[in-house]
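Spelled out from the first residue to the last, the chains are:
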Amino acid sequence: QVQLVESGGGLVQPGGSLRLSCAASGSIFSINAMGWYRQAPGKQRELVADITSGGSTKYTDSVKGRFTISRDNAKNTVYLQMNSLKPEDTAVYYCNADIRSAGRSYIWYNYWGQGTQVTVSS
């Protein structure tokens, strides 16, 4: 059974930093794109950053220059380094990935993590 588990969220002051991690586990055959989404109360879930299997990245405008997404394919893990955090970054951050596994007949399937809370407040 494939699972995505996020970690690294917490409370941080404006201007501070956090590093989120998301590890995929299970009978994984292949992972394509991985990404981080976030959702604040009353708002739609939005893509924060995305990274392809080849390392190409994309960021939403509001985090460009402050956040960095990366991945370690050997560990099936994606990271989100968040610097210069702002109160508006407060949200539940979700990991997302397209994964092939034996359990789903090696067909691409999209998975979501449970989310990790990031709160930026003084």
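Here is a short report on the structure shown in this document. (Residues numbered from 1 in each chain as written. Predicted model: local features only at pLDDT ≥ 70, side-chain atom pairs only at ≥ 80, totals over all residues. Heavy atoms only, no water.)

What to know about the overall build of the chain
Phase 1 of the analysis: From N to C terminus, the chain includes zero helices and 11 strands.
Phase 2 of the analysis: Whereas a compact globule of 122 residues would reach a radius of gyration of roughly 14 Å, the chain reaches 14 Å, a difference of no more than 12%.
Phase 3 of the analysis: By its C-alpha atoms, the chain is 45 × 25 × 25 Å across when sized along the principal axes.
Phase 4 of the analysis: The buried share among the 122 residues of the chain stands at 38%.
Phase 5 of the analysis: For the chain, restricting intrachain contacts to residue pairs at least 6 apart in sequence, the fraction spanning at least 24 positions comes to 56%.
Phase 6 of the analysis: Total accessible area on the chain is roughly 6,400 Å²; 45% of this is exposed by carbon and sulfur atoms.
Phase 7 of the analysis: Taking the average place of the 12 positive charges on the side chains of the chain and the average place of its 8 negative ones, the gap between the two points comes to 2 Å. (Helix = DSSP H or I, 4+ residues; strand = E, 2+ residues; numbered from the N terminus. Rg over C-alpha atoms; globule rule 2.2 N^0.38 Å. Buried < 20%, exposed > 50% of the residue type's maximum accessible area, 1.4 Å probe, protein only. Contact = heavy atoms within 4.5 Å. Areas by Shrake-Rupley, 256 points an atom, 1.4 Å probe, with all protein chains shown as cover. Lys, Arg positive; Asp, Glu negative; His and termini not counted. Charge placed at Lys NZ, Arg CZ, Asp CG, Glu CD.)

As for the pattern of salt bridges
Where side chains of opposite charge bring their charged atoms close, a pairing between them can arise.
Phase 1 of the analysis: Within this structure, the stated rule accounts for four salt bridges.
Phase 2 of the analysis: In the salt-bridge network here, residues are joined through shared partners; they are R38, E46, R66 and D89. (Salt bridge = Lys/Arg side-chain N within 4 Å of Asp/Glu carboxyl O.)

Some details on the sheet that holds strand β1 (residues 3-7)
Phase 1 of the analysis: Pairing in this open sheet of four strands is antiparallel, and the strands run β1-β3-β8-β7 from one edge to the other. The open sheet terminates on both sides in strands that have one partner only, identified here as β1 and β7 (67-72). For this sheet, the mean inter-axis angle between neighbouring strands, taken without regard to orientation, is 15 degrees.
Phase 2 of the analysis: Sheet analysis places β7 next to strand β8 (residues 77-82), joined by six bridges and oriented antiparallel. (Pairing = 2+ DSSP bridges. Axes fitted to C-alpha atoms, helices over the stretch in contact; angles between N-to-C directions.)

Digging into the environment of D98
Phase 1 of the analysis: Mapped onto the elements, D98 comes out in strand β9 (residues 91-101).
Phase 2 of the analysis: Judged by its relative accessible area of 26%, D98 falls in the partly exposed class.
Phase 3 of the analysis: Separated by 46 residues in the primary sequence, D98 and T52 place their C-alpha atoms 9.9 Å from one another.
Phase 4 of the analysis: At a separation of 2.8 Å, a polar atom in the side chain of D98 contacts the side chain of N110. (Polar contact = N/O pair within 3.5 Å; in protein donor to acceptor, adjacent residues only side chain to side chain.)

Re the state of the cysteines
Phase 1 of the analysis: For the structure on display, the rule yields one disulfide.
Phase 2 of the analysis: Paired by a disulfide, C22 and C95 hold their sulfur atoms 2.0 Å apart. The S-S bond linking C22 to C95 shows a torsion near -85 degrees; that makes this disulfide left-handed. Of the two residues, C22 sits in strand β3 (residues 18-25) while C95 sits in strand β9, which places them 73 residues apart along the sequence. Each of the two residues, C22 as well as C95, counts as buried. (Disulfide = S-S within 2.5 Å.)

Topic: the nonpolar core
Phase 1 of the analysis: Counting residues in hydrophobic clusters, the biggest one holds 31 residues, and the most contacted among them are W36, L80, M82, Y93 and I99.
Phase 2 of the analysis: With five residues, the top contributor of residues to this core is β9. (Core = buried A, V, L, I, M, F, W, Y, C linked by side-chain atoms within 4.5 Å.)

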